[in-house]
Amino acid sequence: MRDRYEPGEFEAGWRAKWAGAGLFKTREEEGREKFYAADFFPYPSGAGLSVGHCRNYVPTDVLCRMKVMQGFNVLHPMGFDAFGLPAEVEAIKRKTHPAPMIDQYAANYRRQMDLIGVSYDWSRSFKSSDPEFYRWTQWVFSLLYKKGLAYRKDASVNWCPFDKTVLADEEVVGGLCWRCNNPVEKKNVPQWFFKITAYADRLVDDLDGLDWPEGIKAQQRNWIGRSEGVEFEMVIAAQNAGSTAAEHGGPVAQQPDDHRSATGQPLDDELAALKAEVAAEGGAGDWDKQYKIDDITKKLDKAQEGLAKGTAKFERAVMNIKPDDSESFQILEREKRASFRVFTTRIDTIFGMTFCVLAPEHALVAKIFDVVDAQRSVELRDYIDRAKRMSEADRTAATREKTGVFTGVYAINPANGKRVPVWIADYVMMGYGTGAIMAVPAHDERDHEFATKYGLDVVPVIAPSGGPVATDSNPTATGKPQGSLPDLPFSTKDGVMINSGEYDGLTVQEGQQKLTEWITALGIGEKKRNCKLRDWLISRQRYWGCPIPVIHQADGTMDVVRDQDLPVELPDVDRYEPGEDGSSPLAHIPDFVNVTDHDGRLGRRETDTMGGFACSSWYFLRFCDPHNDEKAWDPERVKYWMPVDCYVGGAEHAVMHLLYARFWTKFLFDEGLVTVQEPFARLKNQGQVLGRTPYRRPKENENLQVGEEGVLVSYEEAKTLPEKDVTWRWVRMSKSKGNVVTPDEAVEQFGADALRLWELFVAPFDADVEWTNDGMNGTARFLSRLFKLAHDLAGVYDRDWHAKIAQAPTDGVGRELRRSTHKFVAKATKDIDGFAFNTYVAAAMEHLNTVNDLLKKATMTDAEKLALSEMIELTVLCLSPAAPHTTDEIWEGLGHKGFTYDQKWPTADPDLAKDDTVTIAVQVNGKLRDTIEMPADATGEQLEAAARQSEKAKPHYEAMTVRKVVVVAGKLVNIVAN
RNA sequence: GGGCGAGUGGCGGAAUUGGUAGACGCGCUGGAUUUAGGUUCCAGUCCCGCGAGGGGUGGGGGUUCGAGUCCCCCCUUGCCCACCA
């Protein structure tokens, strides 16, 4: 047996033997538990793998290898996310076709993955661009289409003029394209969407049951952005066409409204009972009951058609418009109830509404043109046109000052009957809620900024908790008004209502409930949940993607391609560049476009393709049954393997891939095609690997991009520059930064197992790493020590140790060896399961150090020889997942045939691992003064007695009175004295 | 601005979850072996102090017999989201 780690001599040989034996072929044997682990579906970039990718693949591999040894049926597949923009862009740049290019890149990825010994079952591998795969992507599309969850509509979409493609919302980062960082524009074209919003509630609610990093769950919740509030109707009041700006928001005489009377309508018993329950519970927080109440209320309202609308109460509260003879008013009258709806999460602040804002795209804006004078109409048009032209980036720039324009019309605040001016401003987004808001400048920063700029009223209606504050409507309250309110605006929910009529004094929570009840009873509003999440824009006007399987008929209708006619194959063409106008290249291929459907009708194929995230939304299902050409999968196979027990990849996919895959899985669950509602039971994000990257100072007259602090240079150039002009920064490894360390070079220099161990050991799994090769010296050294130890013990190794060791004496060095061995077995098992790979490797090193120390004391008794046999065998097996080449080499050197991968994972004996003496800390007043060795099972009395004997501790309390002695079994004795 | 996280030797990081801070490794220092070393082995390595001892986990307070760990305030920093009503 070799006595040192010489990776060049044996590692490649073992990889060949593993492949030859089909070692990593998935087993589906009866009577074993299953374990499905997957790494994120990688796009095979031309740059190849870096040591950063390995930080994803090696830990998963270690876990899978242990699970195999523990007797699980393990599914550990790998495939390639071949379709999509990155591949197409690269192919265009290299003036080649994406298909052969991707094949070449994927082959290189596979070569590199094999090089570091990852145990993928390549017999299950596929690329998303294989027709045998995307046939079923199209099939899922057709299922979604049939359920109304895939639809086509004209949409203002994110358009990247540089990449000439439409982007999903998730692909727009700060108004810039996620791929090329160019500003994204708005463009109005027909597009395909998946109705992910229909699943928004479940996508939020089901996060709770997932073993995922909390940060990722929070990001998904935040992205979906569910919020609960009230949506209600605001009715337009007119004003004189020639009225002055001074009238904006000017107070009008308040009508003595009786809000509560509106709730006095007859209620059915159930409703009354529910309300009583809510009241009994303190009245706050129980949304489920609230929803029930709302439901019943709505039904009641419908049953008694017009109850609310027909009542005088309603007329008084809502149609409280000052009679006025202006032409505009008459038009509005004719329109009958010109109105708009607003959404608020703070209905409790409704009395503080001093104006309303419509998004420039709001439908009501067109009507307003008709009722305002010519000059104002020009102003409005001008503002709206400018808003439309503006890019998303400009419009949403956080630093931008708010702009807006008064429409000339007013709406009625239903709470107090006051007229409030209606403005148009682009800080209100058409895509969220109703595209219109009630503005409460006292308690909303954005509204406050706007109100300040345009001189609109600010009326505080909440006083933070800490005592009632005197107000107009409650002048006798005990608190002093002056200085009691913090600077406006503030948005606390921990406060009481003021300036709110009969609601004064209620807490925010009480107010929300009462006002919601009131506005619901009034019939102009109801509780509502809103989401920031929008439907998933899936179509791309690009070549390199999965074709959307739809045929447009001559009569303007659409048909989805029949299952038996799938796949709609991507035509093999020479030219596939996108058109300048944003049209799909497929649209220019007559053979593709013109189609005769199964009924013999002439039609036109849909020429859009799907964005790459469609493929990655179900590939993990295909791995369960990858070669099925009858169906996308056999439900039995998917039922067996799903869910993915452990899913590993980078945190950058927190919202896109992971949200889409969850959506498809839920949809397929609803269709009865899969048995799980969630695809990934456990998710782990590895930390990023950063490479040392040189930047030089900008030269004179050289402009830096915003956010850049220097000019990126190559290592070669950095060497030629004076030291003071170069700053080294840690930047994520990428080809473009020139800071990539490849596994190829690391394996060449240090060996695959040294690389694997270093990937595990370098830092906690989820921590970012500033990569240096130096550490691999340490892991290679460790492997050499392991070889040396095995080499030296080969002569005493008795492979029948197991049968004999029970009879051997259990004391001295032999006992110590066994203790260290079993401690390591326990630690390795626990740490691998817990993704604590760094401490797993550290424990192996510590164990080896202990063994080497013990060996110096050993006299090679029979008992010691057996303990050493056990030690070397179990140590090798427990290191097999991390350093498989090395352990197989040693295994063979010890006289075994086959692979450690096929061996049974050792089980630790807790009795053997247990210490029989422990070091007890002797503290005086919490300060360490001495340590004493005691039997592990010593009683508290014995510990205290021994501690009191300590000569080192005595001087520190002799002169004092001992007040108490704290004894912690197995840990310490603390003598408290003063 | 919001959400989540993190601050421990020269460096990466350990710490049984409130119980001996610095495991393990890198680097460094000294020694041995070697023709040589990007080799191997041995010893040392938180700071101050000759010493007994003292100080020490970003800073300040608190709870406790005892705090890296829990609570409050502050500072620094990473990532994600960002006019979402």
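Scoring rules and cut-offs
Residues numbered from 1 in each chain as written. Chains lettered and ligands numbered in written order. Predicted model: local features only at pLDDT ≥ 70, side-chain atom pairs only at ≥ 80, totals over all residues. Heavy atoms only, no water. Helix = DSSP H or I, 4+ residues; strand = E, 2+ residues; numbered from the N terminus. Buried < 20%, exposed > 50% of the residue type's maximum accessible area, 1.4 Å probe, protein only. Contact = heavy atoms within 4.5 Å. Near = heavy atom within 4 Å. Polar contact = N/O pair within 3.5 Å; in protein donor to acceptor, adjacent residues only side chain to side chain. Nonpolar A, V, L, I, M, F, W, Y, C, P; charged D, E, K, R; others polar. Core = buried A, V, L, I, M, F, W, Y, C linked by side-chain atoms within 4.5 Å. Phe/Tyr/Trp six-rings, centres within 6.5 Å; stacked < 30°, edge-to-face > 60°. Pairing = 2+ DSSP bridges. Axes fitted to C-alpha atoms, helices over the stretch in contact; angles between N-to-C directions. Patch = residues over 30% accessible without salt bridge, like charges linked within 9 Å, V, L, I, M, F, W, Y side chains within 5 Å. Areas by Shrake-Rupley, 256 points an atom, 1.4 Å probe, with all protein chains shown as cover. Salt bridge = Lys/Arg side-chain N within 4 Å of Asp/Glu carboxyl O. Lys, Arg positive; Asp, Glu negative; His and termini not counted. Charge placed at Lys NZ, Arg CZ, Asp CG, Glu CD. Right-handed = clockwise from strand over helix to strand, strands pointing away.

Caption draft 1: Highlighting the overall build of chain A. Counting secondary structure elements, chain A contains 32 helices and 34 strands. Expressed as a percentage of its 978 residues, the buried residues of chain A come to 53%. Considering only intrachain contacts with a sequence separation of at least 6, the fraction spanning at least 24 residues in chain A is 76%.

Caption draft 2: The protein's contact with RNA strand B, seen in detail. Around RNA strand B there are 46 residues in total, and K402, Y432, R446, V762 and K971 lie nearest to it. Here the atoms of RNA strand B within 4 Å of the protein split so that 60% fall in sugar or phosphate, with bases taking the remainder. With respect to RNA strand B, the side chain of T344 contributes an N or O atom lying 3.3 Å from a sugar or linking oxygen. Between Y427 and RNA strand B, the recorded distance is 2.9 Å, taken from a backbone N or O atom to a sugar or linking oxygen. Take the surface near RNA strand B: its biggest share by element is six residues, from helix α28 (residues 837–857). Along the lines of polarity and charge, the residues of the surface near RNA strand B split into 17 nonpolar, 16 polar and 13 charged.

Caption draft 3: Spatial organisation of the environment of V648. Inspection of the secondary structure assignment puts V648 in strand β25 (residues 646–649). For the pair formed by V648 and R682, sequence separation is 34 residues and the distance between their alpha carbons is 8.6 Å.

Caption draft 4: Inspection of the nonpolar core at higher detail. Ranked by internal contacts, the top residues of the largest apolar core, which has 98 residues, are M113, W771, Y840 and I872. By residue number, the principal contributor to this core is helix α29 (residues 862–879), which donates eleven residues. Not counting chain neighbours up to four residues away, the residues in contact with I872 comprise L789, A790, L793, Y797 and L894. If you look at the next biggest cluster of nonpolar residues, it comprises 89 residues, including A200, V204, A654 and L659.

Caption draft 5: View of the packing of aromatic side chains. Counting across every chain of the model gives 53 aromatic pairs. Considering the side-chain rings of F406 and Y410, the 5.6 Å spacing of their centres and the 70° angle between planes classify their relative orientation as edge-to-face. Of the two residues, F406 and Y410, neither departs from the other in class, the shared state being buried.

Caption draft 6: Here's a closer look at unusual backbone geometry. Across the junction of L566 and P567, the peptide omega takes the value 0°, indicating a cis bond. Inspection of the secondary structure assignment puts P567 in the loop between β21 (558–560) and α18 (590–593). Cis rather than trans, the peptide bond between M642 and P643 has omega equal to 0°. Mapped onto the secondary structure, P643 falls in the loop between α20 (635–641) and β25. Within the chain, N499 stands out as a residue other than glycine whose phi angle is a positive 50°. Within the fold, N499 resides in the loop between β15 (495–497) and α17 (508–522). In this model, M860 sits at a positive phi of 60°, which is unusual for a non-glycine residue. With respect to the helices, strands and loops of the structure, M860 is situated in the loop between α28 and α29.

Caption draft 7: Structural context of the sheet that holds strand β32 (residues 927–935). If you trace the four strands from one edge of the open sheet to the other, you get β32-β31-β34-β33, paired in mixed fashion. On the outer flanks of this sheet lie β32 and β33 (962–968), each paired with one strand and no other. Each neighbouring strand pair of the sheet contributes to a mean axis angle of 20°, computed without reference to strand direction. The pairing of strand β31 (residues 917–924) with β32 spans eight bridges and is antiparallel.

Caption draft 8: Structural view of a negative patch on the surface. Judged by side-chain charge, E132, E569, D629 and E630 come together as a negatively charged surface patch. Tracing the sequence through the fold places D629 in the loop between α19 (619–622) and α20.

Caption draft 9: The arrangement of the environment of P131 in detail. Looking at the element boundaries, P131 is found in helix α5 (residues 131–146). In this structure P131 comes out as partly exposed when scored by relative accessible area, which is 25%. Once you skip the residues sitting within four places of it in the chain, P131 turns out to touch P567 and E569.

Caption draft 10: Structural detail: the environment of D800. Tracing the backbone through its elements, the reader meets D800 in the loop between α25 (775–793) and α26 (801–805). The spacing of D800 and L866 is 66 residues in sequence and 8.7 Å in space, taken between C-alpha atoms.

Caption draft 11: The arrangement of the pattern of salt bridges in detail. Enumeration according to the criterion identifies 57 salt bridges in this entry. Here D61 ties to R756 by a salt bridge, and the two come within 2.7 Å at their closest N and O atoms. Taken together, the residues span a long stretch of sequence, with D61 in helix α2 (residues 51–69) and R756 in helix α24 (residues 752–761) at a distance of 695 residues. Taking the relative accessible area as the measure of exposure, D61 reaches 0% and is therefore buried. Of the charged contacts in the structure, one is a salt bridge between K528 and E231, with a shortest N-O distance of 3.5 Å. Here K528, found in strand β16 (residues 525–530), pairs with E231, found in strand β8 (residues 227–237); they are 297 residues apart in sequence, far enough to count as distant. For K528, a relative accessible area of 31% puts it in the partly exposed group.

Caption draft 12: Seen up close, the sheet that holds strand β23 (residues 602–605). Reading across the sheet, the four strands line up as β21-β20-β23-β22 and stay open at both edges, with antiparallel pairing between neighbours. Strands at the two margins of the open sheet, each flanked by one partner only, are β21 and β22 (594–596). Across the sheet, the axes of successive neighbouring strands diverge by a mean angle of 40°, strand direction being ignored. In this sheet, β21 lies alongside strand β20 (residues 550–553) in antiparallel orientation, the contact comprising three bridges. Across the sheet, residue H552 finds its bridge partner in β21, namely M558. Lying over the sheet, α5 contacts β20 and β21, oriented at roughly 130° with respect to β21.

Caption draft 13: A look at the pairing of β25. Burial along β25 is two-sided: C646 and V648 and Y647 and G649, pointing in opposite directions, are all buried. As defined by bridge partners, β25 adjoins strand β26 (residues 683–685) across three bridges and the pair is classed as parallel. Bridged to V648 within β26 is K684. Assessed by its sense of winding, the connection that carries the chain from β25 through helix α21 (residues 656–670) to β26 is right-handed.

What is shown is where atoms sit, not what they do.
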